[in-house]
Amino acid sequence: MAGAIASRMSFSSLKRKQPKTFTVRIITMDAEMEFSCEMKWKGKDLFDLVCRTLGLRETWFFGLQYTIKDTIAWLKMDKKVLDHDVPKEEPVTFHFLAKFYPENVEEELVQEITQHLFFLQVKKQILDEKIFCPPEASVLLASYAVQAKFGDYDANVHKPGFLAQEELLPKRVINLYQMTPEMWEERITAWYAEHRGRARDEAEMEYLKIAQDTEMYGVNYFLIRNKKGTELLLGVDALGLHIYDPENRLTAKISFPWNEIRNISYSDKEFTIKPLDKKTDVFKFNSSKLRVNKLILQLCIGNHDLFMRRRKADSLEVQQMKAQAREEKARKQMERQRLAREKQMREEAERSRDEMERRLLQVKEEAQMANDALMRSEETADLLAEKAQITEEEAKLLAQKAAEAEQEMQRIKTTAIRTEDEKRLMEQKMLETEMLALKMAEESERRAKEAEQLRQDLQDARDAERLAKQKLMEISSKTAYMPVNSTPPSLPADIPNFSLMGETLSFDFKDTDMKRLSMEIEKEKVEYMEKSKHLQEQLNELKTEIESLKLKERETALDILHNENVDRGGSKQNTFKKLTLQSTKSRVAFFEEL
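Fair warning: this is a prediction, and the values are worked out from it, not measured in the lab.

Novice: If you had to explain the pattern of salt bridges to someone new, which residues and values would you point to?
Specialist: Considering all chains together, one arrives at 30 salt bridges under this definition. A salt bridge links Glu-206 to Arg-198, with the shortest nitrogen-to-oxygen separation between them at 3.7 Å. Using a relative accessible area of 13% as the deciding quantity, one classes Glu-206 as buried. Of the charged contacts in the structure, one is a salt bridge between Arg-200 and Glu-204, with a shortest N-O distance of 3.6 Å. Of the two residues, Arg-200 and Glu-204 both sit in helix α8 (residues 200-211), four residues apart, roughly one turn of that helix. Residue Glu-204 is classed as buried on the basis of its relative accessible area of 1%. Where salt bridges share partners, they join Glu-103, Glu-108, Arg-310 and Arg-311 into one cluster.

So, in structure tokens, the structure goes:
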């Protein structure tokens, strides 16, 4: 009996025992992470853990997103994680995403990790066509995305077809033109080659600077109805609230900047906005779901807080982050300059080595040619010597024959007196003999001259042989003293001291370096203005170039609306300024009459 009671007590205690932790999966734009969380954790505890893991300090832009019945929701910081309406199956999944967007990415996004997360999110939104992007701007953005991923363009490495597996352009843009993937890659690569020297963070920042000027960047759209029941779209972004026609998400009909709004509230499905001007009536609208109202309110409060924060002095934390970012940027820029100089010196050393190797090969070829010439000279000298000896022997033989002919002539003269007939005969024979002797003497003289000429040629050949040997000795001595291994010159003295020991990074700044950096920054500002003008010219040039390949029947409604805005000379900033010039009262009245 006692044993049965103990068993029941043990079973009851096991039944009452609750798990102390649960598993959460966090999905970022480029990774997934899993955490073991305590049951009592609030949203802030989980959010802070994720931010610490990522090394993110600019936390105010981000949130943890989940979905409830096809409606987006964000994890509340002051509410327990498991008290949210999320699936209770483990692991509980959240998406770590940017919830609020900056007005000016270059001024507000300080940390490199913040820039990278925004870059990945905006890039995906453009490729998924949640942000409309004109075709020519899509090509430019794709070139910066390629620079961020692959680094500087190298024709030997980035050969045709290297972008075949990359998703770089929205499908809408690809379908709009009669262009092959190779044609798109050619145009992307042409711009990619111009981005040489930009680091990954610089390329991603250029991408964001262009993307933030598109009309749908950073806007959250919600379907609403005004008092008359007209269906409209409410857009919430960093600048304020905007009212759109459901068929036109590019151009707002009315805009209310945050500095004109005093209070926002909702009751059930009715949303109420009180303008700052107390003389102006409030304006109201209805949304489709209560959850949508909660989401609208969250986005309005967060965007309004950031809007007001931007117009105040930076907090101490932000000042510290910006100071660290400036120092890090300066350090990276100077490191890149150092690496660029080292690369340049290495390339010069390699060119010098190649030049020396080429010269050494040339000297070897000259030495081989001189050696061949010497061998030919020696062979020629031997032949000339042999020919001179033969000629000299022939000359001696001819001289001997001429002497014998002279003796024969003397003998004939002594016997010529015997008879007249014999005398005439002898005179005739003597004349013939004299002619023969004369010819032989001439021949002997000619042979003697030829022998003399051959001796002179032999002497010239020997002189040429001596000169060839002397030149060969000079080439050999020059080759012996020529340095074969080239070492790159030592680094200039003005490069900052940079050393890496284990995992400790040491870097010393010099006043001269900072002054030079300041001058370079000022120079970059001027170059940026010129580049912006050049960039617009390039975009117009590309647009004109591919216009003839456009399939007009495939243009979407947003393409047509964008082209109309461009023809009117409208831009995102200009449109917002025009819409806010009217009084708040007239805009509220216009909204109610839509």
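Okay, back to it.
Novice: Give a description of the packing of aromatic side chains that names residues and reports values.
Specialist: Evaluated as defined, the whole model comprises 17 aromatic pairs. Taking 5.6 Å as the distance between ring centres and 80 degrees as the angle between the ring planes, the aromatic pair formed by Tyr-153 and Tyr-192 counts as edge-to-face. A residue pair is termed long-range when its members are at least 10 positions apart, and Tyr-153 in the loop between α5 (135-150) and α6 (171-176) and Tyr-192 in helix α7 (residues 181-192) qualify at 39 residues. Summarising the aromatic geometry, the rings of Phe-271 and Phe-285 are spaced 5.1 Å apart at their centres and angled 5 degrees between planes, so their arrangement reads as stacked. Here the residue Phe-271 occupies a position in strand β11 (residues 270-275), and Phe-285 occupies one in strand β12 (residues 283-287), the gap between them amounting to 14 residues.

Novice: Explain the pairing of strand β2 (residues 32-38) residue by residue, including any values.
Specialist: Alternating positions in β2 separate cleanly, Met-33, Phe-35 and Cys-37 being buried on one face and Glu-32, Glu-34, Ser-36 and Glu-38 remaining unburied on the opposite face. Bridge analysis of strand β1 (residues 21-27) against β2 gives seven bridges, and the strand direction is antiparallel. Across the sheet, residue Phe-22 finds its bridge partner in β2, namely Cys-37. Counting the residues in the hairpin turn of β1 and β2 gives four residues.

Novice: Kindly report on α5, identifying the contributing residues and their values.
Specialist: Over its 16 residues, α5 extends 22 Å from the first C-alpha to the last, a length consistent with the 22 Å expected when each residue adds 1.5 Å. The element α5 is extensively covered by neighbouring structure, given that 14 of its 16 residues are classed as buried. Taken from the residues just after α5, Gly-151 is the one with a positive phi, measuring 80 degrees.

Quick notes on the rules
- Residues numbered from 1 in each chain as written.
- Predicted model: local features only at pLDDT ≥ 70, side-chain atom pairs only at ≥ 80, totals over all residues.
- Heavy atoms only, no water.
- Salt bridge = Lys/Arg side-chain N within 4 Å of Asp/Glu carboxyl O.
- Buried < 20%, exposed > 50% of the residue type's maximum accessible area, 1.4 Å probe, protein only.
- Helix = DSSP H or I, 4+ residues; strand = E, 2+ residues; numbered from the N terminus.
- Phe/Tyr/Trp six-rings, centres within 6.5 Å; stacked < 30°, edge-to-face > 60°.
- Pairing = 2+ DSSP bridges.
- Expected span 1.5 Å × (residues − 1).

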